[in-house]
Amino acid sequence: MTTEPILSRNFDRPAARTLAGYRETGGYGAWARAQEMEPAAILEAVKASNLRGLGGAGFPTGMKWSFIPKGHAGPVYLVVNADEGEPGTFKDRYLLERDPHALIEGMLIAARAIRSALGFVYIRGEYVQPWRVFDAAVREAYDAGLLGRGLDVIVHRGAGAYICGEETGLISSLEGKKGWPKVKPPFPAIKGAFGQPTIVNNVETLCCVPHIVARGAAWFAGLGTKTQGGTRMYSVSGRVRRPGVYETSVSITLRQLIELAGGVAGTGRLKAVVPGGGSAPILTADEIDVTMDVDGLKAAGSMIGSAGVVVMDESVSIPEALLVLARFYAHESCGQCTPCRESTGWIYRMVHRIVDGHGRKEDLDTILDVARRGAGTTICAFYDGAVGPYISYIEKFRAEFEALIPK
Amino acid sequence: MSAAVAFSPEQLAEVRRLQALYPDRRGALLPVLHMAQDTFGWISLDVEAYVAGLFDLSPAHVHEVVTFYTLYFRQPKGRHVVAVCHNLSCHLAGAPDILRHVRERLGIDVGETSDDGRVTLQSVECLCACEAAPMMQVDDRYELHLTPETVDRILEELR
Ligand SMILES: Cc1cc2nc3c(=O)[nH]c(=O)nc-3n(C[C@H](O)[C@H](O)[C@H](O)COP(=O)(O)O)c2cc1C
Ligand code: SF4
Ligand code: FES
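Residues numbered from 1 in each chain as written. Chains lettered and ligands numbered in written order. Predicted model: local features only at pLDDT ≥ 70, side-chain atom pairs only at ≥ 80, totals over all residues. Heavy atoms only, no water.

Visitor: Looking at this model, I keep getting lost on the overall build of chain A. Mind explaining?
Guide: Across its full length, chain A holds 17 helices and 9 strands. By the compact-globule yardstick of 22 Å for 407 residues, chain A fits well, its C-alpha radius of gyration being 21 Å. Structurally, chain A occupies a C-alpha span of about 70 × 45 × 35 Å along its principal axes. As displayed, chain A has an accessible area near 14700 Å², and 53% of this comes from carbon and sulfur atoms. Side-chain charges of chain A comprise 45 positive and 43 negative groups, with the mean position of each set lying 2 Å from the other. (Helix = DSSP H or I, 4+ residues; strand = E, 2+ residues; numbered from the N terminus. Rg over C-alpha atoms; globule rule 2.2 N^0.38 Å. Areas by Shrake-Rupley, 256 points an atom, 1.4 Å probe, with all protein chains shown as cover. Lys, Arg positive; Asp, Glu negative; His and termini not counted. Charge placed at Lys NZ, Arg CZ, Asp CG, Glu CD.)

Rendered as structure tokens:
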């Protein structure tokens, strides 16, 4: 397992935020090399690296790029998803604030591979400081002629809506509309922003790309598991002794990661862990010997999602934790699909009355039934992301919920 | 429409620059609404109608956009906005106590603005600084690792 910092190598070097400082340790060297490569060769390298999207869905990045229609006559767009909003996740904030040129270099290389001349960076509206740092880096890159000669970049600020992290909601928002997700297909790679083929990638995903070009696809693939290359930035918070961003190989286990973050705080005894952001099904203390790659967590019945790890010690009330998340889903549903719009509000009210001590005997089964019926029926994956917690928290900790319901 | 709702010539030039930047000028709607809020303080129906005019959109289209996003204010806000995160990691780190403390100190509830117009209070979803929970956003700044004492100091400094 690697401990060499790759994505986070500049985090403790404030100078790296400037172009000169970034160049000091080889920055933009990968871009120089990529300019000597055919776009198809870049794409092949990214495919061979086994890079999987780090925004949530874990889709193979090279394969996504290859979906851009060959010979498309009009423009192709590159969109960076910097709308970080998944509860428990904060790694893109670190990347934007501490290594902004790494993202610009990744964009340059990706844009060459997909033959895009215009990139958008959609930064959540609340991220004012990260936006300032990143925007300054973009202006520096323009002044140095890195941008503006083949690739233009528009830094776009969101206005507060979790659903704009979903790629088609993000595209709607970028187009100046409310952030309603769109029915797929067509996928953005075929018909995306402003009706043109569009690749949406997460900040961290694109930050991997320069390293793949500089050090080779085989090296990158070798860092991870058979089906996922590279390292990953795990955001660890909740009841751990040293919360923070930890970059390690995706083959680390959840148990090892918690140890890396100083171990369980509070009572010191683990109760449960959210392994991949608020929308990931919860794992019990007995289920943490899983590898933290996309397929490892899928096999464990959860998901790595955005790799936001929230640790809960024995003193945490699971019904209360679900209440907090249920409030979140009720608030953030975009309201477009009936199951999502209606169930998120209804389930929030039921969990609320259970936690308040007025729950009804049938409530738990009603929640499970409502959640199961709606799963997979909606326009976007938001609702499935809510169903995972509803079901797993209740199934795995049912006695704790039942104890709150008057006999 | 009230006469006060109008951008300066420089701002209008900026609107045109933004509109030209995007493949379709409507892409500039969110940035222009940010500008409008910075200029007029909040997004009234008059502001919506004014912005709609700049984009040749119906005011209804602008209204549905403004009402979709939490960062656009549809009523006057205080000189400062305090947004306490109440999502999972902050909750586990004591956000309910922090929020109660802030409410008591300011003497207002979530969604309200203090009588002197100094502060608007919100409780918000994950601001993605969970490693430093509990936390809140004060205007442009993230305030991290909150305790009742640091909250007092931060609120004190807001004028
Ligand atoms: C409800 C919802 C919220 C999402 N939020 C984010 C987000 O904040 N950041 C992100 O990069 N991807 C987010 N995604 C995933 C995106 O839809 C998309 O898969 C991703 O940006 C693609 O980039 P990647 O392939 O590099 O991971 C979200 C998905 C859903 C369904
Ligand atoms: S699933 Fe929910 S968030 Fe997604 S489009 Fe439907 S209503 Fe909107
Ligand atoms: S839960 Fe408060 S910042 Fe994430």
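Visitor: Sorry if this is basic, but what is going on with the site of ligand 2 here?
Guide: Among the 13 residues in the neighbourhood of ligand 2, the closest are listed as Cys334, Gln336, Cys337, Cys340 and Cys380 of chain A. Across the shell around ligand 2, the residue classes break down as 9 nonpolar, 4 polar and no charged. (Near = heavy atom within 4 Å. Nonpolar A, V, L, I, M, F, W, Y, C, P; charged D, E, K, R; others polar.)

Visitor: Please explain the packing of helix H2 (residues 29–40) of chain B against helix H4 (residues 59–68) of chain B as it appears in this structure.
Guide: Two numbers describe a pair of packed helices, the interaxial angle and the distance between the axes. All names here are of chain B. Between H2 and H4, the least distance of the axes is 11 Å, while the angle of their chain directions is 75°. Relative to H4, H2 is oriented roughly perpendicular. Across from Leu29, Leu30 and Leu33 in H2, the residues of H4 making contact are Val62, Val65 and Val66. Here the residues of the contact of H2 with H4 are counted per class, giving 6 nonpolar, no polar and no charged. (Axes fitted to C-alpha atoms, helices over the stretch in contact; angles between N-to-C directions. Parallel < 35°, antiparallel > 145°, perpendicular 65-115°, else oblique. Contact = heavy atoms within 4.5 Å.)

Visitor: Is there a simple way to explain the domain arrangement of chain B in this structure?
Guide: The extent of an interface is frequently quoted as the accessible surface area lost upon association of the parts. Domain annotation of chain B identifies domain 1 (9–68) and domain 2 (80–157). Measuring from the centre of the C-alpha atoms in domain 1 of chain B to the corresponding centre in domain 2 of chain B gives 30 Å. (Domains from an automatic or database assignment.)

Visitor: Quick question: what am I supposed to make of the domain arrangement of chain A here?
Guide: Residues and elements named next belong to chain A. When the domains of chain A are assigned, the result is domain 1 (14–222), domain 2 (231–313) and domain 3 (318–402). Measuring from the centre of the C-alpha atoms in domain 2 to the corresponding centre in domain 3 gives 22 Å. With 12 residues of domain 2 in contact, the opposing surface of domain 3 contributes 12 residues. Of the roughly 890 Å² buried at the junction of domain 2 and domain 3 (both faces included), carbon and sulfur atoms supply 65%. Interface area lost by domain 2 to domain 3 is led by Lys271, Ser279 and Ile282, which between them contribute 51%. Counting the contacts that link domain 2 with domain 3 gives 2 salt bridges. For Lys396, the salt bridge goes to Glu287, with nearest N and O atoms at 2.9 Å. The tally of links from domain 2 across to domain 3 stands at 6 residue pairs in polar contact (both at pLDDT 80 or more). For the side of domain 2 that touches domain 3, the element with the most residues is strand E7 (residues 270–274), which contributes 3 residues. Among the residues making up the side of domain 2 that touches domain 3, the classes are represented as 7 nonpolar, 3 polar and 2 charged. (Buried area = accessible area lost by both parts, 1.4 Å probe. Salt bridge = Lys/Arg side-chain N within 4 Å of Asp/Glu carboxyl O. Polar contact = N/O pair within 3.5 Å; in protein donor to acceptor, adjacent residues only side chain to side chain.)

Visitor: I keep staring at the sheet that holds strand E9 (residues 308–313) of chain A and nothing clicks. Help me out?
Guide: In sheet architecture, strand pairing relies on hydrogen bonds along the backbone and comes in two forms, parallel and antiparallel. Residues and elements named next belong to chain A. Across the sheet, 5 strands lie side by side as E6-E5-E9-E7-E8; this open sheet has mixed pairing. Edge positions in the open sheet fall to strand E6 (244–249) and strand E8 (283–284), since each of these has one partner strand only. By the bridge criterion, 2 bridges tie E7 to E8 in an arrangement that is antiparallel. Note on E8: the bridge partner recorded for Val273 is Leu283. (Pairing = 2+ DSSP bridges.)

Visitor: What should I look at first to understand the pattern of salt bridges in this one?
Guide: Opposite charge on two side chains makes pairing possible when the charged atoms of those side chains draw close. Residue and element names in this part refer to chain A. Taken as a whole, this structure holds 35 salt bridges over all chains when the rule is applied. As a salt-bridge pair, Arg398 and Glu402 come within 2.9 Å of each other at their nearest N and O atoms. With Arg398 and Glu402 both in helix H17 (residues 398–402) and 4 residues apart, the pair spans about one turn of that helix. Through salt bridges with shared partners, one network takes in Lys64, Glu166, Glu167 and Lys184.

Visitor: What is the right way to look at the side chain of Ser89 of chain B in this model?
Guide: Here Ser89 of chain B lies in helix H5 (residues 88–92). A polar atom in the side chain of Ser89 of chain B sits 2.7 Å from the side chain of Ser237 of chain A. In this view, Ser89 of chain B contacts Gly88, Ser237, Gly238 and Val310 of chain A together with Cys130 and Ala133 of chain B; residues no more than four positions away in its chain are not counted.

Visitor: Before we go on, may I ask you to explain the site of ligand 1 in this structure?
Guide: All names here are of chain A. Around ligand 1 there are 19 residues in total, and Gly55, Lys64, Asn201, Asn202 and Thr205 lie nearest to it. Contacts to ligand 1 include Asn81, whose side-chain N or O atom sits 2.9 Å from an oxygen atom. Measuring from an oxygen atom of ligand 1, one finds a backbone N or O atom of Val200 at 3.5 Å. Starting from 610 Å² of accessible surface for ligand 1 in isolation, the protein chains cover 90%. Considering every element that reaches the shell around ligand 1, the biggest residue donor is strand E4 (residues 198–202), with 3 residues.

Visitor: Would you explain the interface of chain A and chain B in this entry?
Guide: Every contact between the two is made by 57 residues of chain A and, on the other side, 33 residues of chain B. A combined buried area of about 3600 Å² lies between chain A and chain B, and 61% of that area is made up of carbon and sulfur atoms. The largest contributions to the chain A side of the interface with chain B come from Glu126, Ala159 and Lys178 of chain A, which together make up 16% of the buried area. Our count for the contact surface shared by chain A and chain B stands at 3 salt bridges. Of the charged contacts in the structure, one is a salt bridge between Arg93 of chain A and Glu131 of chain B, with a shortest N-O distance of 2.7 Å. Linking chain A to chain B there are 21 residue pairs in polar contact (both at pLDDT 80 or more). Looking at the side of chain A that touches chain B, the elements with two or more residues in it are helix H5 (91–98), strand E2 (118–123), helix H7 (128–143), strand E3 (152–157), helix H8 (167–174), strand E5 (231–238), E9 and helix H13 (318–332) of chain A. Considering only residue class, the side of chain A that touches chain B consists of 29 nonpolar, 14 polar and 14 charged.

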